[in-house]
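For reference, the chains in residue letters:
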Amino acid sequence: MSAILFFGTFVCTTSLKSFQTSRYLSATVRKLTGDFSVILTIVIFCAVDIMCGLETPKLIVPSEFKPTNPNRSWFVFPFGRNPWWVCLLSGVPAILITILLFMDQQITAVILNRKENKLKKGAGLHLDFFCIALLIIVMSFMGLPWYVSATVISLAHMNSLKMETTVSAPGEQPKFLGIREQRVTGLAVFILTGASVFLSP
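Residues numbered from 1 in each chain as written. Predicted model: local features only at pLDDT ≥ 70, side-chain atom pairs only at ≥ 80, totals over all residues. Heavy atoms only, no water.

Identification of the chain as Bicarbonate transporter-like transmembrane domain-containing protein from Staurois parvus is taken from an unreviewed UniProt entry.

Another point: the overall build of the chain. The secondary structure content of the chain amounts to eight helices and two strands. Listed N to C, the secondary structure of the chain is α-α-α-α-α-α-α-β-β-α in terms of helices and strands. The C-alpha radius of gyration computed for the chain amounts to 22 Å, which surpasses the reference 17 Å derived for 201 residues by more than 25%, pointing to a less compact arrangement than a globule. Projecting the C-alpha coordinates of the chain onto the three principal axes gives extents of approximately 70 × 50 × 25 Å. For the chain, with 201 residues in total, the buried portion stands at 16%. Looking at the chain as shown, the accessible area adds up to about 15,800 Å², and 73% of this sits on carbon and sulfur atoms. (Helix = DSSP H or I, 4+ residues; strand = E, 2+ residues; numbered from the N terminus. Rg over C-alpha atoms; globule rule 2.2 N^0.38 Å. Buried < 20%, exposed > 50% of the residue type's maximum accessible area, 1.4 Å probe, protein only. Areas by Shrake-Rupley, 256 points an atom, 1.4 Å probe, with all protein chains shown as cover.)

Turning next to the environment of phenylalanine 129. Assignment of secondary structure puts phenylalanine 129 in helix α6 (residues 123-142). A residue is classified by how much of its surface remains accessible, and phenylalanine 129, at 27% relative accessible area, is partly exposed. Considering only alpha carbons, one finds phenylalanine 129 and cysteine 12, 117 residues apart in sequence, at a separation of 35 Å. Excluding its chain neighbours within four sequence positions, the residues that come into contact with phenylalanine 129 are Gln105, Gln106 and Ala109. (Contact = heavy atoms within 4.5 Å.)

This part takes up the packing of helix α1 (residues 2-18) against helix α3 (residues 37-52). Packed helices, taken two at a time, are described by the angle between their axes plus the distance between the axes. Where α1 meets α3, the closest approach of the two axes is 9 Å, and the angle between their N-to-C directions is 145°. The interaxial crossing formed by α1 with α3 has right-handed handedness. Between α1 and α3, the contacting residues are Leu5, Gly8, Thr9, Cys12, Thr13, Leu16 and Lys17 on the first element and Ser37, Val38, Leu40, Thr41, Phe45, Val48 and Asp49 on the second. Classifying every residue of the contact of α1 with α3 gives seven nonpolar, five polar and two charged. (Axes fitted to C-alpha atoms, helices over the stretch in contact; angles between N-to-C directions. Left-handed = near helix turned anticlockwise from the far one by under 90°. Nonpolar A, V, L, I, M, F, W, Y, C, P; charged D, E, K, R; others polar.)

A separate point is the pattern of salt bridges. In this structure the tally under the stated criterion is one salt bridge. A salt bridge links aspartate 49 to lysine 58, with the nearest nitrogen and oxygen atoms 3.2 Å apart. For lysine 58, a relative accessible area of 52% gives the class exposed. (Salt bridge = Lys/Arg side-chain N within 4 Å of Asp/Glu carboxyl O.)

We now examine the UniProt feature "transmembrane region" (unreviewed entry) in the chain. The positions UniProt marks with the feature "transmembrane region" (unreviewed entry) are residues 83-103 and 124-148. The span residues 83-103 is 90% helical and 0% strand by assignment, and the distance between its end C-alpha atoms comes to 31 Å. (UniProt positions renumbered as here; feature names shortened; annotations may be inferred.)

Moving on, we get to the confidence of the model for the chain. Low-pLDDT portions of the prediction should not be read for the details of their coordinates. On average, the chain scores 79 in pLDDT, and the residues at 70 or more come to 92%. Here strand β2 (residues 176-179) stands out as the element of the chain with the lowest mean pLDDT, 75, in contrast to α3, whose mean of 86 is the highest. (pLDDT = per-residue confidence, 0-100.)

On to the packing of helix α5 (residues 91-112) against helix α7 (residues 151-160). Taken N-terminus to C-terminus, the directions of α5 and α7 make an angle of 25°; their axes are 10 Å apart at the nearest point. With respect to α7, the element α5 is oriented roughly parallel. Read as a crossing pair, α5 and α7 show a hand that is right-handed. Two secondary-structure elements touch here, α5 through Asp104, Thr108, Ile111 and Leu112 and α7 through Thr151, Ser154, Leu155 and Met158. Considering only residue class, the contact of α5 with α7 consists of four nonpolar, three polar and one charged. (Parallel < 35°, antiparallel > 145°, perpendicular 65-115°, else oblique.)

Listed below in structure tokens is the structure:
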């Protein structure tokens, strides 16, 4: 059942996404369907799962907010039980991870800032990099995963902010005008993601 739900979600999402470039219905309906294809499909197949009543694997949410390992506190101290030479050797993977994070963010920035996207590179771009750097430092001391591989969601976010002509002939693709640059939707997404912690009992 899990495999059926997975493949059904994938096929339905790609179908709704490709509907955006079809000639059916109005351009507004096609754009809304394409932008919200993922969330629509997730809601549909979650409803199918609930209606079937089968015991598919679910995410187990703990009853209290604490580190999963009871032997450590929220902060991971770099100088603990490890011998002194471990701190020196950890510099090698640290350099590799720094390269990974830098490349991930730079590649994302290069893809998003192409001339055809008509973006204006303002101070917000550098503020984003500064916030990411601070978050990586905090996450490292807390032993939490970093926020990497932002390319896919950044492209999806940019595509959802595209401005296109509303009036076009039947069957004709709308023309690209530019992108509504703002930080409100990204901030709202992460506030809602953080607030989802309180949905568990």
